[in-house]
Amino acid sequence: TDDDIFASAFCENSEKLINVHLFALATKYYSLPNLGVCTPLEDVLEALKGDSQGATGIKLDEFMNNKKSHEVQVMSELVDSIANYCGIKQVIDIGSGKGYLSSFLSMQYNLKVYGIDSSSSNTNGAHERNRKLKKHWRAYQSRGRENLESRSLEKANDRPLESEIKCKTISEELLNNANSLQSQDRVIIQNLVPSCGFTEIVTPKSNTEIEADLVSRTQSHESKLSEDVLDILNVLPADAVEDFSSSHYNCGELSEEEKVQRKMTSLKTKARKSSESNLYFPLTSCITAETELSDVITDLEDCMMVGLHTCGDLAANTLRIFTAKPEIKAVCSVGCCYHLLSEQFENQEECHNQVWGFPMCQYLKDKGWCCGRNARMSACLALERVAVGQMLPTESLFYRAVLQVIIEEIYGVTKSDRHVGKTFSKSSSFIDYVRRSLKKLELDDSKLPDSCIMDYYEKYKHRMNELEAFNMLKVVLAPCIEVLILLDRLCYLKEQEKIAWSGLVKLFDPVKSPRCYAVIALKNHSCS
């Protein structure tokens, strides 16, 4: 079998690695892309929304770095598709951090988002960032309106005066119809979706077909202007279209019934805009598997949970809350920081009441499976980045390894709750690095002369290449450990009742965002 072949990469007696090439082949064989257990993102989106195009709007790279804009763009489109498919408007963003995803979901897709983070500084920062983003968003909409008006005016100026008023009326009617059709489509889709399982949905006549019918009522030169206007509408966000619904018509040409109807529509639009003036609500709360969301969110309704790079146990707890709460109809979770996961079988201490981050599924629990901190640390490494030339920080890893020898031999410390952190980037030399690190670890560095520190450096300097080779082996093994953690979460969902569909989906470019896999699940519509 394949397992027997790959086992020969290690010596049977000493269990030492003796065949690096075979080891590398084995790690590739057991990686997610090769196992064939992932559902392609394109297939998921097609099943959720058919051939409809994703929304276009604000350019994320104007206020986010390349990595974050890539993540938010891809994940927000998927979340919106799931929300529309399940007929829900409320989203709970767990571990929302600085609120990038939450803000974009609310402004681009008009979803009501609660961003929950345990850090009050993150929540406060998200409030301020959301305020600035709204300002940016309004400016973007304003530019869109100005461009629309400018293009319409240029076309109209080329026509006789008697055609000008007629063209304006037709264009505004088309714009108003396009806006009302958009809101009607949302209601129709919500009413047609009976469940969250993937089923074929027959949609009503498309906006394009209806717009074509409207355009056909006008003269040819008037139709050309209307088509140009609608072309611009297609690249504006939904909120930008709303502002055109209040365009003024020649009231003398309207009947009393039409005037009343337009007034009611205008009042409803204003009321809706008022209620949607702030669709993103950052909240501070520490989420655990036992958290009652109704205590955190007072107007909790049917919703979905999302998490973009939720750290450690938070990713596991997100899935547990999803399965336990009937209001949560779907979940889309991308985890990270595997080294922070708590493991049930890592320490042989009996803690019957504790909820562990790993393992989640009953199969691995029955096996008593344990990864260990070193393996989980390795799972955080980025093979794809190394493959394209973004090499590991060998020198900083060497500094940290020698420091570990120093604190064990000089101070007798083998375990500490304190962390060195990003000391390397602030240090001017190895001596400076050691002294800064000892202070962080609350160890007295006065008894350690510079010469002693440099002796340790010189003693191990010749093994730097050995350390680099060892870390490269860890990088190669990283995808296999990540597979174990992600499949554990997927199997947990497969073990649950009332789940219509669950799967692993690769969302991001792993070079831009190494933790690129999402765990997604949708409940049966009957779950309540």
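Remember, it's a predicted structure, so these values are computed and weren't measured experimentally.

A. How the structure looks around the pattern of salt bridges. This structure, assessed with the given rule, holds 14 salt bridges. One salt bridge in this structure joins Arg435 and Asp445, with 3.1 Å as the shortest N-O distance. On the criterion of sequence distance, the pair formed by Arg435 in helix H19 (residues 430-440) and Asp445 in the loop between H19 and helix H20 (450-460) is long-range, its members being 10 residues apart. Considered together, Arg435 and Asp445 belong to a single accessibility category, that of buried residues. Put simply, Arg435, Lys439, Asp445 and Asp450 are held in one network by salt bridges that share partners.

B. Broad picture of the nonpolar core. The biggest cluster of nonpolar side chains holds 74 residues, and the ones touching the most others in it are Met75, Leu78, Ile82, Met304, Leu507 and Ile520. Counting residues per element, this core draws most heavily on helix H5 (residues 66-86), which supplies nine residues. In this structure, Phe398, Tyr411, Val434 and Leu467 belong to the second largest nonpolar core, which totals 20 residues.

C. Region of the structure containing the packing of aromatic side chains. Enumeration according to the criterion identifies 13 aromatic pairs in this entry. Their ring planes at 80° and their centres at 5.7 Å tell us that Phe398 and Tyr457 sit as a pair that is edge-to-face. Placement of the pair is Phe398 in helix H18 (residues 394-409) and Tyr457 in helix H20, with a sequence separation of 59 residues. When the centroid spacing of 5.0 Å and the interplanar angle of 70° are considered together, the rings of Tyr399 and Phe430 count as edge-to-face. Residue Tyr399 is found in helix H18, and its partner Phe430 is found in helix H19; the two are separated by 31 residues along the sequence.

D. Structural detail: the side chain of Asn471. Along the polypeptide, Asn471 turns up in helix H21 (residues 464-495). Accessibility expressed as a relative area gives 10% for Asn471, which makes it buried. The contact partners of Asn471, leaving out residues within four places of it in the chain, are Leu392 and Leu397.

E. Spatial organisation of the side chain of Asp93. Within the secondary structure layout, Asp93 lies in strand E1 (residues 90-94). Here Asp93 is buried and forms no salt bridge, its nearest opposite-charge partner Lys68 lying at an N-O distance of 9.0 Å. Side-chain polar atoms of Asp93 contact the side chain of Ser102, separated by 2.7 Å. Apart from the residues within four sequence positions on either side, Asp93 is in contact with Leu101, Ser102, Val113, Tyr114, Gly115, Ile116, Val306, Gly307 and Leu308.

F. Focus on the packing of H18 against H19. Relative to each other, H18 and H19 sit at 55°, their axes nearing to 11 Å. The pairing of H18 with H19 is recorded here as oblique in orientation. The hand of the H18/H19 crossing is right-handed. Of the residues in H19, those in contact with Tyr399, Arg400, Val402, Leu403, Ile406 and Ile407 of H18 are Phe430, Tyr433, Val434, Ser437 and Leu438. Looking at the contact of H18 with H19, its residues break down into nine nonpolar, one polar and one charged.

Conventions we followed
Residues numbered from 1 in each chain as written. Predicted model: local features only at pLDDT ≥ 70, side-chain atom pairs only at ≥ 80, totals over all residues. Heavy atoms only, no water. Salt bridge = Lys/Arg side-chain N within 4 Å of Asp/Glu carboxyl O. Helix = DSSP H or I, 4+ residues; strand = E, 2+ residues; numbered from the N terminus. Buried < 20%, exposed > 50% of the residue type's maximum accessible area, 1.4 Å probe, protein only. Core = buried A, V, L, I, M, F, W, Y, C linked by side-chain atoms within 4.5 Å. Phe/Tyr/Trp six-rings, centres within 6.5 Å; stacked < 30°, edge-to-face > 60°. Contact = heavy atoms within 4.5 Å. Lys, Arg positive; Asp, Glu negative; His and termini not counted. Polar contact = N/O pair within 3.5 Å; in protein donor to acceptor, adjacent residues only side chain to side chain. Axes fitted to C-alpha atoms, helices over the stretch in contact; angles between N-to-C directions. Parallel < 35°, antiparallel > 145°, perpendicular 65-115°, else oblique. Left-handed = near helix turned anticlockwise from the far one by under 90°. Nonpolar A, V, L, I, M, F, W, Y, C, P; charged D, E, K, R; others polar.

Read these as layout, nothing more, since geometry by itself doesn't imply function.
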